[in-house]
Amino acid sequence: MGERPSISSSLRDATAVAHERAERSDFIGDLMAGRLDAEAYRTLAAQLYFVYRALEEVGDDLHAADGARAVVAPIFDERLRRLPRLAADLDALGVDISTVEPLPAVARYVEAIDATRNDPARYVAHHYTRYLGDLSGGQVIKSRMISHYGIDKDSLTFYAFDGIDKLKRYKDGYRDALDGLPIDDDAHRRLVDEAIRAFEYNEALFAELAA
Ligand code: HEM
């Protein structure tokens, strides 16, 4: 009888292949290599607005709900909140979000996030996929957007986490929090399955952005 893998390690293992695919997708590959332009980044940021609006609305609701708070509280952190940053960045980038429609892949992504309202373990999958990504690859994206496209760092505050000074230490703490979530084996499985889907929603967005 071996030890069951921790939540953080099963998440990382289950999403490793999808992570590599996302990183190597045409859109992300081209964006990171400097083959696109500032407009491509603006389009990505505008689409992410809808994703974070759903992510943070549902997160707030779960955090305020008696039955769900215990599951989301260990990873819930105001310092992660991105929507105000994204709104300010879009403003600075000259994007009027009220004129932007979510792409079909984003509409499906938002629907999936909304559908976790009744299952906080599955919500955690979306939280993990986006925020740990922003704290990791997001930092590389930020520096490439500055160097390739001359985007002002004041328009990239989405990637700046005030109050979190050591990202590596923060991510380690986040994984410890995941490992301590008060959920049973079945919820653990649902969380991991949902994380795989969360990566797929991101891949689908990149595919639509490349088209
Ligand atoms: C520009 C492309 C990307 C690069 C260069 C990149 C890079 C990285 C790196 C270096 C790590 C390891 C960080 C660490 O363990 O401290 C990481 C982790 C992670 N990335 Fe990405 N990434 C990219 C795209 C994405 C995308 C598109 C997503 C999903 C939307 C994503 C989600 C994650 C997650 C969830 C982790 C945490 C893995 C774990 O430790 O459990 N990344 N990324």
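Residues numbered from 1 in each chain as written. Predicted model: local features only at pLDDT ≥ 70, side-chain atom pairs only at ≥ 80, totals over all residues. Heavy atoms only, no water.

Enquirer: Just to check I follow, could you spell out the coordination of the iron atom of the ligand for this structure?
Expert: Between any two of four tetrahedral donors, the ideal angle at the metal is 109.5 degrees; between two of six octahedral donors, it is 90 or 180 degrees. Donation to the iron atom of the ligand from the protein comes from one atom only, His19 (NE2), at 2.1 Å. Relative to the assigned elements, His19 resides in helix H1 (residues 7–23). (Donors = N, O, S within 2.8 Å, 3.2 Å for Na, K, Ca; no water. Helix = DSSP H or I, 4+ residues; strand = E, 2+ residues; numbered from the N terminus.)

Enquirer: Looking at this model, I keep getting lost on the environment of Asp96. Mind explaining?
Expert: If you trace the backbone, Asp96 turns up in the loop between helix H5 (83–92) and helix H6 (104–114). With relative accessibility at 44%, the residue Asp96 sits in the partly exposed group. Each C-alpha atom, one on Asp96 and one on Glu208, is 20 Å from the other, the two residues being 112 residues apart in sequence. In this structure the side chain of Asp96 is engaged in a polar contact, spanning 2.7 Å, whose partner is the side chain of Ser98. (Buried < 20%, exposed > 50% of the residue type's maximum accessible area, 1.4 Å probe, protein only. Polar contact = N/O pair within 3.5 Å; in protein donor to acceptor, adjacent residues only side chain to side chain.)

Enquirer: For this particular structure, what's the right way to read the UniProt feature "binding site: heme b" (unreviewed entry) in the protein chain?
Expert: Using the residue numbers shown here, the UniProt feature "binding site: heme b" (unreviewed entry) corresponds to Arg12, His19, Tyr128 and Arg175. Tracing the backbone shows Tyr128 in helix H7 (residues 120–134). For Tyr128, a relative accessible area of 10% gives the class buried. Discounting residues that sit within four places of it in the chain, Tyr128 has contacts with Leu11, Arg12, Thr15, Gly133, Tyr174 and Leu178. By secondary structure assignment, the location of Arg175 is in helix H9 (residues 167–179). Arg175 has contacts with Ser8, Arg12 and Leu132, leaving out every residue within four places of it along the chain. In terms of polar contacts, Arg175 uses its side chain to reach the side chain of Asp172, at 3.1 Å. (UniProt positions renumbered as here; feature names shortened; annotations may be inferred. Contact = heavy atoms within 4.5 Å.)

Enquirer: Would you take a moment to explain helix H2 (residues 26–33) for this structure?
Expert: Because an α-helix completes one turn every 3.6 residues, residues spaced three or four positions apart along the sequence face the same direction. Those residues of H2 not exposed but buried are Phe27, Ile28, Leu31 and Met32. One side of H2 holds all its buried residues, which, seen down the axis, span an arc of 120°. Buried residues along H2 sit against H1, helix H3 (38–64), helix H8 (137–149) and helix H10 (185–210). Trailing H2 by a residue or two, Gly34 shows a phi angle of about 85°, which is positive. (Arc of directions from axis to C-beta.)

Enquirer: When you look at the nonpolar core in this model, what are you seeing that I'm missing?
Expert: Proteins that are soluble and globular tend to have nonpolar side chains buried together. Of all hydrophobic cores here, the largest spans 63 residues; its most connected members are Tyr41, Leu44, Tyr52 and Leu178. When residues in this core are grouped by element, the largest group, 15 residues, is from H3. If near-sequence neighbours (up to four positions away) are discounted, Leu178 is found in contact with Ile7, Ser8, Leu11, Ile75, Val124 and Tyr128. (Core = buried A, V, L, I, M, F, W, Y, C linked by side-chain atoms within 4.5 Å.)

Enquirer: What exactly am I supposed to notice about the pattern of salt bridges here?
Expert: Opposite charge on two side chains permits pairing when their charged atoms draw close. Counted according to the given criterion, the structure contains 22 salt bridges. Residues Arg190 and Asp119 are paired through a salt bridge, measuring 2.7 Å at the closest nitrogen-oxygen approach. A residue pair is termed long-range when its members are at least 10 positions apart, and Arg190 in helix H10 and Asp119 in the loop between H6 and H7 qualify at 71 residues. Judged by relative accessible area, Asp119 falls into the buried class, the value being 8%. One salt bridge in this structure joins Asp186 and Arg190, with 2.6 Å as the shortest N-O distance. (Salt bridge = Lys/Arg side-chain N within 4 Å of Asp/Glu carboxyl O.)

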